[in-house]
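Close look at the chain arrangement
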Amino acid sequence: MKSAFTSLLISVTLLLTASCINNQQTIEFYPDLTTYNVVDTVQFDPSWFDADKKLIVASKSLFMFSLPFMDIIEPYDLPVLIYISVEDKDEIITHLQKHDFKYPFIHDPKGEFFKGNNILERMKMDPENTVVSLFVEGNEISEPAQIGMRHLLKEQVEEFTNK
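Residues numbered from 1 in each chain as written. Predicted model: local features only at pLDDT ≥ 70, side-chain atom pairs only at ≥ 80, totals over all residues. Heavy atoms only, no water.

Going through the model one piece at a time under the given rule, you end up with five salt bridges. Of the charged contacts in the structure, one is a salt bridge between Lys 154 and Glu 158, with a shortest N-O distance of 3.8 Å. Taken together, the residues Lys 154 and Glu 158, both in helix α6 (residues 150-161) and four residues apart, mark about one turn of the helix. Taking the relative accessible area as the measure of exposure, Lys 154 reaches 43% and is therefore partly exposed. (Salt bridge = Lys/Arg side-chain N within 4 Å of Asp/Glu carboxyl O. Helix = DSSP H or I, 4+ residues; strand = E, 2+ residues; numbered from the N terminus. Buried < 20%, exposed > 50% of the residue type's maximum accessible area, 1.4 Å probe, protein only.)

Turning to the environment of Phe 114, a few remarks are in order. Residue position: Phe 114 is located in helix α4 (residues 112-116). When the C-alpha atoms of Phe 114 and Ser 85 are compared, they prove to be 8.9 Å apart, with 29 residues separating the residues in sequence. Setting aside anything within four residues of it in sequence, one finds Phe 114 in contact with Ala 58, Ser 59, Lys 60, Ser 85, Asp 108, Ile 119, Leu 120, Thr 130 and Val 132. (Contact = heavy atoms within 4.5 Å.)

Pairing is mixed across the open sheet formed by six strands, whose spatial order is β1-β4-β3-β2-β5-β6. Because the sheet does not close on itself, it has two edges, and the strands there are β1 (34-36) and β6 (140-144). On average, adjacent strands in this sheet sit at an angle of 30° to one another, irrespective of strand direction. In terms of strand pairing, strand β2 (residues 53-59) meets strand β5 (residues 131-137) through seven bridges, oriented antiparallel. Bridged to Ala 58 within β5 is Val 132. With respect to the sheet, helix α3 (residues 89-98) is in contact with β1, β3 (80-84) and β4 (105-107), its orientation differing from that of β4 by roughly 160°. Most of the contacts of α6 go to β5, to which it runs at about 20°, and overall it touches β2, β5 and β6. (Pairing = 2+ DSSP bridges. Axes fitted to C-alpha atoms, helices over the stretch in contact; angles between N-to-C directions.)

Attention now moves to the pairing of β2. In terms of burial, β2 is a largely internal element, seven of the seven residues being buried. Burial along β2 is two-sided: the residues Lys 53, Leu 55, Val 57 and Ser 59 and Lys 54, Ile 56 and Ala 58 are all buried. Pairing analysis gives five bridges linking β2 to β3, with the strands arranged parallel. Bridge pairing in β3 places Leu 55 opposite Val 80.

Turning next to the side chain of Ser 59. Relative to the assigned elements, Ser 59 resides in strand β2. Classification of Ser 59 by relative accessible area gives buried; the value is 0%. There is a polar contact of 2.5 Å between the side chain of Ser 59 and the backbone oxygen of Ser 61. Residues within four places of Ser 59 in sequence aside, it is in contact with Phe 65, Tyr 83, Ile 84, Ser 85, Phe 114, Thr 130 and Val 131. (Polar contact = N/O pair within 3.5 Å; in protein donor to acceptor, adjacent residues only side chain to side chain.)

Okay, structure coming up:
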């Protein structure tokens, strides 16, 4: 009887462990992609990849960077990894400078971040979606970031950085 109970307990434990592993929201950062600084005063820092908490913004287009959101993040010590999957890096830099977006970005012309992390499917987003923003702890997705809604983003950043 004890043997059957022990076997059942071990089976349930293994099943739960496997379930947790399959549901983990881990993410790959692709640190070998080229980074660019838009201005000399804000430099990319490779240690951002290893930060305990970070915000990731991945975009297949440049529209999002014409809207202000980084001013909300600036007061917090929160690294931001920005992946842009537009082919021409000069076009990206010109657009960002035109909109006073001074933050460095990771150039991902082949969309490795989106594809490798299967991000749209995992986040249950429309394949036509061009922007994904996520709060990440270590390499685990914590929650989507509402970078298009300023008041919500401020609340989220405050809560995320104070965890």
